Protein chains: 2
Amino acid sequence: MPIIPNIYQNFDDKMRRKLYNILSAKTILYKANQMISYSMGKRNVIGIVEQGQARMIRYEYTGERAILDEFNEGDIFSDMFVESGFSELSVEAITNCTVTFIDYEEMISKAESSKLALQFLNNFIHVINHTLVKRNERIELLTTRTIRNKLLSYFELQAKKNNSKTFNLKYSYTDLADYLAVDRSALMRELKSLKEEKFILDVNKKITLLY
Amino acid sequence: MPIIPNIYQNFDDKMRRKLYNILSAKTILYKANQMISYSMGKRNVIGIVEQGQARMIRYEYTGERAILDEFNEGDIFSDMFVESGFSELSVEAITNCTVTFIDYEEMISKAESSKLALQFLNNFIHVINHTLVKRNERIELLTTRTIRNKLLSYFELQAKKNNSKTFNLKYSYTDLADYLAVDRSALMRELKSLKEEKFILDVNKKITLLY
DNA sequence: GCTTTTTTGTTGCAATTGCAACAGACAAAA
DNA sequence: TTTTGTCTGTTGCAATTGCAACAAAAAAGC
């Protein structure tokens, strides 16, 4: 099981402050449900979630919603990662959030002259790599063709991450449906079958795989 | 429109050879349809497609297939992506391929002592960033809920990339169905409706958006 | 505490999608 | 050139999924 990389690996508070000074980083607080956006003119910016949780969401004109990604403490996001898509995306705070913004080119160029910045760049690469791995998992999920398979795949992934056949669902079923890009009622129906056919146990959001 | 970053930006042949020497890179030739795999023991490895095309594919025990990603010249992939999910993935050469393998940790650690390695690392970051953008597009595609929307989204993306309402499909419809993770006959049916309802023109694989 | 909002759980019905099967077109290989 | 294999295009039918609507439960806000 791969270790989840930390953007602040080997950084204490003092080093972090120094680094943020070198990179002219800005830290901003967002309230729950607030939209997170930040711009340094035309420059590419990276957001680091220091505290709290956020999500990348697409709203359809129909009111339909898709949860594209979730960001927890230590996760990074960037408008660079989404710039050329075909729909309007937004990043929203789920809980109160602290987000630090760093200029991308600044981070790279400073790495040549500052040991601290280079160390941070190394951490950044590990984190972005891990981000890519997560995206891949997401694509694997979404390319399964039935709700049943999406559910089972999602559950298996959670079980794997939790190193146990039992785990707690972090999503509401409403959100899970948007995450798996399926209709909620259809998801509930499939969940019911999975329980009836003894594939899983579901004791209010605590899932156990029975196979 | 973003410039597609090149992993060899500012590298001439001589520099490239020197770099590969520093990083102990290995270049391997694969025949069309061959499976691409390589291992440096337990270390994480990055593959760079030098020539040709390859794909990441999942085969279901049912014989069902999903195309997860396509790699062209200059694209990178990693065993980290392949091994993390819940299903067996493989990378396959579509055409004859030359692939260079680099040790991930080696690439990062050498950047501290070698200017050349640092320059390469910078290029790598730009490329992986771009990879992330592509993955995001893919996720956006897959989170649309009908075949019609998947098709239109895919077409719009191609049109955007081609800077024109008209473009040539690079996939066969069989492959496109596996790429969009839907049934081929259902895709053909939907395509037919789109033509009949004058949303698109399709003159053998040359698509024109009519809206 | 009480009120309001969100989530869960369910269902009938309609629409979409997948499956299976086949014929013809096209491309690759022998 | 003939053969072989893959891709396109199509259809009937069955299965799955989405939609709409509602009640009950739970959570959040006051």
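Residues numbered from 1 in each chain as written. Chains lettered and ligands numbered in written order. Predicted model: local features only at pLDDT ≥ 70, side-chain atom pairs only at ≥ 80, totals over all residues. Heavy atoms only, no water.

Engineer: For this particular structure, what's the right way to read the packing of helix α5 (residues 173–180) of chain A against helix α6 (residues 184–196) of chain A?
Structural biologist: To characterise two packed helices, one gives the angle between the axes of the helices and the distance between these axes. All names here are of chain A. Axis separation between α5 and α6 bottoms out at 9 Å; the angle between their running directions is 105°. Comparing their axes, α6 and α5 come out roughly perpendicular. Residue-level contacts link Tyr173, Thr174, Leu176, Ala177 and Leu180 of α5 to Arg184, Leu187, Met188 and Leu191 of α6. (Axes fitted to C-alpha atoms, helices over the stretch in contact; angles between N-to-C directions. Helix = DSSP H or I, 4+ residues; strand = E, 2+ residues; numbered from the N terminus. Parallel < 35°, antiparallel > 145°, perpendicular 65-115°, else oblique. Contact = heavy atoms within 4.5 Å.)

Engineer: I would appreciate a short explanation of the interface of chain A and chain B in the present structure.
Structural biologist: Across the boundary between the two partners, chain A contributes 51 residues, which contact 50 residues of chain B. At the junction of chain A with chain B, the criterion picks out four salt bridges. For Asp178 of chain B, the salt bridge identified is with Arg145 of chain A, shortest N-O distance 3.1 Å. Put simply, chain A and chain B have 17 residue pairs in polar contact (both at pLDDT 80 or more) between them. Those elements giving two or more residues to the side of chain A that touches chain B turn out to be β4 (54–59), β5 (65–71), α2 (104–110), α3 (115–142), α4 (147–162) and α5 of chain A. (Salt bridge = Lys/Arg side-chain N within 4 Å of Asp/Glu carboxyl O. Polar contact = N/O pair within 3.5 Å; in protein donor to acceptor, adjacent residues only side chain to side chain.)

Engineer: Can you walk me through the protein's contact with DNA strand D in this structure?
Structural biologist: Taken together, the neighbourhood of DNA strand D is formed by 18 residues, with Thr146, Ile147, Asp183 and Arg189 of chain A together with Lys205 of chain B sitting nearest. Sugar plus phosphate, as a fraction of atoms of DNA strand D within 4 Å of the protein: 53%. A distance of 3.0 Å is found between a phosphate oxygen of DNA strand D and a backbone nitrogen or oxygen belonging to Tyr173 of chain B. A distance of 3.1 Å separates a phosphate oxygen of DNA strand D from a polar side-chain atom of Lys192 of chain B. Secondary structure elements with two or more residues in the surface near DNA strand D: α6 of chain A together with α6 (173–180) and α7 (184–196) of chain B. By residue class, the composition of the surface near DNA strand D is five nonpolar, five polar and eight charged. (Near = heavy atom within 4 Å. Nonpolar A, V, L, I, M, F, W, Y, C, P; charged D, E, K, R; others polar.)

Engineer: How do you make sense of the domain arrangement of chain A when you look at a structure like this?
Structural biologist: Interface extent is often summarised as the accessible area lost during association of the parts. All names here are of chain A. Each assigned domain of chain A is listed with its residue range as follows: domain 1 (13–142) and domain 2 (147–209). Measuring from the centre of the C-alpha atoms in domain 1 to the corresponding centre in domain 2 gives 28 Å. If you look at the interface, domain 1 gives ten residues, while domain 2 gives 13 residues. Carbon and sulfur atoms make up 53% of the surface buried where domain 1 meets domain 2, a total of about 1,000 Å² over both sides. Sorting the residues of domain 1 by area buried against domain 2 places Arg65, Ile67 and Leu141 first, and these three jointly supply 48% of that buried surface. The interface formed by domain 1 and domain 2 holds five salt bridges in total. With a shortest N-O distance of 3.2 Å, Lys161 and Glu137 are connected by a salt bridge. Counting every contact that joins domain 1 to domain 2 gives seven residue pairs in polar contact (both at pLDDT 80 or more). Elements supplying a minimum of two residues to the side of domain 1 that touches domain 2: β5 and α3. Grouping the constituent residues of the side of domain 1 that touches domain 2 by class yields four nonpolar, one polar and five charged. (Domains from an automatic or database assignment. Buried area = accessible area lost by both parts, 1.4 Å probe.)

Engineer: Even after reading the chapter, I still don't get the protein's contact with DNA strand C, so can you show me in this structure?
Structural biologist: By nearness alone, 18 residues border DNA strand C, and Tyr173 and Lys205 of chain A together with Thr146, Ile147 and Asp183 of chain B come closest of all. Contact distances for DNA strand C include 2.8 Å between a phosphate oxygen and a backbone N or O atom of Ile147 of chain B. Breaking the surface near DNA strand C down by element, the ones donating at least two residues are α5 and α6 of chain A together with α7 of chain B. Taken together, the residues of the surface near DNA strand C sort by class into five nonpolar, five polar and eight charged.

Engineer: What should I look at first to understand unusual backbone geometry in this one?
Structural biologist: Backbone phi values are negative for most residues with the exception of glycine, while trans is the configuration of most peptide bonds. Residue and element names in this part refer to chain A. Positive phi values are uncommon outside glycine, yet Asn33 reaches one of about 70°. Within the secondary structure, Asn33 sits in the loop between β1 (26–30) and β2 (35–36). Despite not being glycine, Lys198 has its phi angle at roughly 60°, a positive value. Tracing the sequence through the fold places Lys198 in the loop between α6 and β10 (200–203).

Engineer: Sorry, what's going on with the nonpolar core here?
Structural biologist: Proteins that are soluble and globular tend to have nonpolar side chains buried together. Grouped together as the largest cluster of nonpolar side chains are 55 residues, with contacts concentrated most on Phe120 and Phe124 of chain A together with Phe120 of chain B. No other element matches the eleven residues that α3 of chain A contributes to this core. Residues Leu142 of chain A together with Val49, Val82 and Ala93 of chain B belong to the second largest nonpolar core, which totals 36 residues. (Core = buried A, V, L, I, M, F, W, Y, C linked by side-chain atoms within 4.5 Å. Buried < 20%, exposed > 50% of the residue type's maximum accessible area, 1.4 Å probe, protein only.)

Engineer: Mind showing me how you'd approach the sheet that holds strand β10 (residues 200–203) of chain B here?
Structural biologist: Strands belonging to one sheet form pairs held by backbone hydrogen bonds; the direction of such a pair is parallel or antiparallel. All names here are of chain B. Taken in spatial order, the three strands line up as β9-β11-β10 in an open sheet, and their pairing is antiparallel. Only two strands of the sheet have a single partner each, and these edge strands are β9 (166–168) and β10. Mean inter-strand twist for the sheet, computed between neighbouring axes without regard to direction, equals 20°. Relative to strand β11 (residues 206–209), β9 runs antiparallel, the two being bridged by three bridges. Counted as the bridge partner of Thr166 is Thr208 from β11. (Pairing = 2+ DSSP bridges.)

Engineer: Got a minute to help me understand the relation of the copies chain A and chain B in this structure?
Structural biologist: Superposition of the two copies of the chain requires a rotation about an axis together with a shift along that axis. The operation relating chain A to chain B is a screw motion whose rotation component is 179°, with 0.3 Å of axial translation and a residual RMSD of 0.4 Å. Such a combination of turn and shift is consistent with a two-fold rotation axis. Interface overlap between copies: 96% of the residues of chain A at the interface are likewise at the interface in chain B, consistent with a symmetric, same-surface contact. (Least-squares fit on C-alpha atoms with pLDDT ≥ 70 in both.)

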